[in-house]
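A closer look at the structure
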Amino acid sequence: MSKPVIGFIGLGLMGSNMAECLQKNGFELIVMDLNKDAVAAVVARGATEAKSAAELAAASDIVMLCLTTSDVVEKLVYAQDGILAGIKQGAVLIDYGTSIPASTRKIGADLAKKGAGMIDAPLGRTPAHAKDGLLNIMAAGDRATFDKVKPVLDVQGENIFYLGALGAGHTTKLINNFMGMTTVSAMSQAFAVADRAGVDRQQLYDIMSTGPSNSPFMGFCKNYAVDGVSDLGFSIANANKDLGYFLKMVEDLGTRSEIAEGTSHNLQAAFDAGMGNGNVPEIFDYFLNLEK
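Numbers given to residues run from 1 along each chain, matching the order in which its sequence is written. Note on the predicted model: pLDDT of at least 70 is required for a residue's local features to be given, and 80 or more for side-chain atom pairs to be given and counted; whole-chain, interface and lining totals, by contrast, use all residues. Side-chain metrics in this entry use all non-hydrogen atoms of the structure; hydrogen atoms and water are not considered.

The next thing to look at is the overall build of the protein chain. Regarding its fold elements, the protein chain presents 14 helices and 9 strands. Only C-alpha atoms enter the radius of gyration; for comparison, a globular chain is expected to reach 2.2 Å times N to the power 0.38, where N is the number of residues. Scaling as 2.2 N^0.38, a compact globule of 292 residues should have a C-alpha radius of gyration of about 19 Å, and the protein chain matches this with 20 Å. Along the first, second and third principal axes, the C-alpha atoms of the protein chain reach 65 × 45 × 35 Å. When checking whether two residues touch, look at their non-hydrogen atoms; a contact exists if any pair is within 4.5 Å. Restricting the contact set of the protein chain to residue pairs at least 6 apart, pairs at least 24 apart contribute 65%. Only carbon and sulfur atoms are counted for the fraction: they give 54% of the accessible area of the protein chain, which is about 13200 Å². His is not counted here, nor are the chain ends, while Lys and Arg score as positive and Asp and Glu score as negative. Charge positions are represented by NZ for Lys, CZ for Arg, CG for Asp and CD for Glu. Across the protein chain, 24 positive and 32 negative side-chain charges occur, with their mean positions spaced 5 Å apart. A helix here means a DSSP run of H or I that spans at least four residues, while a strand means a run of E at least two residues long, and both kinds are numbered starting from the N terminus. Surface accessibility in these figures is a Shrake-Rupley result with a 1.4 Å probe; residues are shielded only by whichever protein chains are displayed.

Written out as C-alpha cells, the structure reads:
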C-alpha cells in the first residue's frame, strides 16, 4: 500500500493541512466537506470531490476522518450512503479526531464484518505541523492493519506511537487532554485568585516558574493572564467536549473522576457564558469575574 488512494473527510484547519501534506507527497485524494471553499482548494491541487461518503469509501484504499465529534463520525459511518455502505474489503478507516473509545470499538467491529480495518489515531501538535508532516500520532488497532498504513502515517507524523488494541489511541488522547485542560484551568484560576488578593500576576509567574510547576502550559496561561496574548490554539468548546468524553469513558470503566468533574464544570460554565470560541487560557476571564 505504498501509494493508496485516500479518501479524506473533514477539511478544517488541521484536515486541510493534512490533505495538503499528502498531496505534496504524491497521494491521490478523494475529499468531502461541508465547507466548499476548503474542498475547492484541495480540488485545485488535483483531488476529486465525492458526492457521498459511500462513494468516497468505495473508491478509497484508506478513508481518513478529521472530524469534531463521535456523533459526526457515527453519522458518516452509519448513514444510508455512509462509509460502511461503501467501504471495500481490505480498506482501512483512520479516525484522527478525538472520539469516545466505546464508539470507536463499535465502528471497528462493524467494519470488520465487511472485511475492512480501523485505526484510531488522534493527533498532537498544530495545523502548522500537519502541513509539514510533523504531527504526533497516537495510533491503535490491529497490528497488521497498523503496519499496512504506517508508511502513510510516517508521511503525516514525526512521532508515531503504536498503543495496542483499537480504542487505545482515543483513550490516551482523552487522558492527555484531561491532564492538559485541568492544568490550564488550575493555573488560570491561580492567576485570577492572585489578582483578587492583590498579588501581582507577573510576580506570581516569576515565582511559580522557578519551581516544579513550570511547564509550557504555565507559559500559555501567563501569556494570556499577564500579557494578554492568547496563543494556545485549542478552544474552550473543544476542551469542554473532550472533558465530557473523558467523563463518559471513566463512567464506562466503572469509576469516576472528581477532578475531571470540576474541570468540566468550569469549562461548561465558561462555554455557557459565551466564551466557547476563545482559547482555553481565556478561562482566566471567567475565573476573574466569578462570584461566590
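Turning our attention to the sheet that holds strand 9 (residues 157-162). Where strands meet in a sheet, backbone hydrogen bonds hold them as pairs that are either parallel or antiparallel. Strand pairing follows a simple DSSP-based rule, namely that at least 2 bridges must link the two strands. Here 3 strands make up an open sheet; going across it, the order is 7-8-9 and the pairing mixed. The sheet terminates laterally at strand 7 (123-124) and strand 9, the two strands that pair on one side only. Relative to strand 9, strand 8 (residues 135-139) is paired through 5 bridges, and the arrangement is parallel. Bridge assignment links Met138 to a residue of strand 9, and that residue is Phe161. To get an axis, a line is fitted to the C-alpha atoms, and for a helix only the part in contact is used. The angle between two axes follows their N-to-C directions and goes from 0 to 180 degrees. In the packing of helix 8 (residues 143-156) onto the sheet, the strands contacted are strand 8 and strand 9, and the crossing angle to strand 9 comes to about 165 degrees.

Bringing the pairing of strand 4 (residues 62-65) into the picture now. The buried label goes to any residue with under 20% of its type's maximum accessible area, the exposed label to any with over 50%, and the partly exposed label to all in between, with areas taken from a 1.4 Å probe on protein chains only. Here strand 4 shows two buried faces, one formed by Ile62 and Met64 and the other by Val63 and Leu65. One ladder, built from 4 bridges, connects strand 1 (residues 6-9) with strand 4; its direction is parallel. Bridging from a neighbouring strand, Ile6 pairs with Ile62 of strand 4. In this structure, strand 4 lies alongside strand 5 (residues 92-95), joined through 4 bridges in parallel fashion. Looking across to strand 5, one finds that Val63 is bridged to Leu93.

This paragraph deals with unusual backbone geometry. With a phi angle near 85 degrees, Arg125 is a residue other than glycine that sits in the positive phi range. With respect to the helices, strands and loops of the structure, Arg125 is situated in the loop between strand 7 and helix 7 (127-131).

What makes a salt bridge here is a side-chain nitrogen of Lys or Arg within 4 Å of a carboxyl oxygen of Asp or Glu, nothing more. Across all of its chains, the model carries 15 salt bridges by this definition. In this structure, Lys106 and Asp110 form a salt bridge, with 3.8 Å as the shortest nitrogen-oxygen distance. A residue pair is termed a helical-turn pair when its members lie 3 or 4 positions apart in one helix, as Lys106 and Asp110 do in helix 6 (residues 101-112) at 4 residues. Residue Lys106 is classed as partly exposed on the basis of its relative accessible area, which comes to 43%. Arg143 serves as the salt-bridge partner of Asp147, at 3.2 Å between the closest nitrogen and oxygen. You can see Asp147 and its partner Arg143 sitting in helix 8, 4 residues apart, about one turn around the helix. Accessibility expressed as a relative area gives 39% for Asp147, which makes it partly exposed.

A separate point is the packing of helix 10 (residues 201-208) against helix 11 (residues 216-225). Interaxial distance between helix 10 and helix 11 falls to 10 Å at its minimum, and their mutual angle equals 170 degrees. Between helix 10 and helix 11, the angle falls in the class roughly antiparallel. Read as a crossing pair, helix 10 and helix 11 show a hand that is left-handed. Note on element contacts: helix 11 touches helix 10 through Met218, Lys222 and Ala225, opposite Arg201, Gln202, Tyr205 and Met208. Of the residues assigned to the contact of helix 10 with helix 11, the class counts are 4 nonpolar, 1 polar and 2 charged. In these notes the angle categories are as follows: under 35 degrees is roughly parallel, over 145 is roughly antiparallel, 65 to 115 is roughly perpendicular, and the rest is oblique. When the near helix sits turned anticlockwise from the far one by under a right angle, the crossing is termed left-handed; a clockwise turn instead gives a right-handed crossing. Residues are grouped as follows: Ala, Val, Leu, Ile, Met, Phe, Trp, Tyr, Cys and Pro are nonpolar; Asp, Glu, Lys and Arg are charged; every other residue, Gly included, is polar.

For the rest of this paragraph, the subject is the nonpolar core. If you look at the biggest cluster of nonpolar residues, it comprises 34 residues, and the most contacted ones within it are Phe191, Phe246, Leu267, Ile283 and Tyr286. Where this core is concerned, the elements lending two or more residues are helix 9 (168-196), helix 10, helix 11, helix 12 (236-252), helix 13 (258-275) and helix 14 (283-288). Every residue in contact with Tyr286, bar those within four places of it in the chain, is listed here: Asn266, Ala269, Ala270 and Met275. Ile6, Met18, Met64 and Ile119 belong to the second-largest nonpolar core, a separate cluster that totals 32 residues. Only buried residues count toward a nonpolar core. Its members are Ala, Val, Leu, Ile, Met, Phe, Trp, Tyr and Cys residues joined through side-chain atoms within 4.5 Å.

The angle between the axes and the distance between the axes are what describe a pair of packed helices. Contact geometry for helix 12 and helix 13: axes closest at 9 Å, N-to-C directions at 145 degrees. Judged by the sense of rotation from one axis to the other, the crossing of helix 12 with helix 13 is left-handed. Within the contact between the two elements, helix 12 uses Ile236, Ala237, Ala239, Asn240, Leu243, Phe246 and Leu247 and helix 13 uses Ala260, Glu261, Thr263, Ser264, Leu267, Gln268, Ala270, Phe271 and Met275. Across the contact of helix 12 with helix 13, the residue classes tally to 11 nonpolar, 4 polar and 1 charged.

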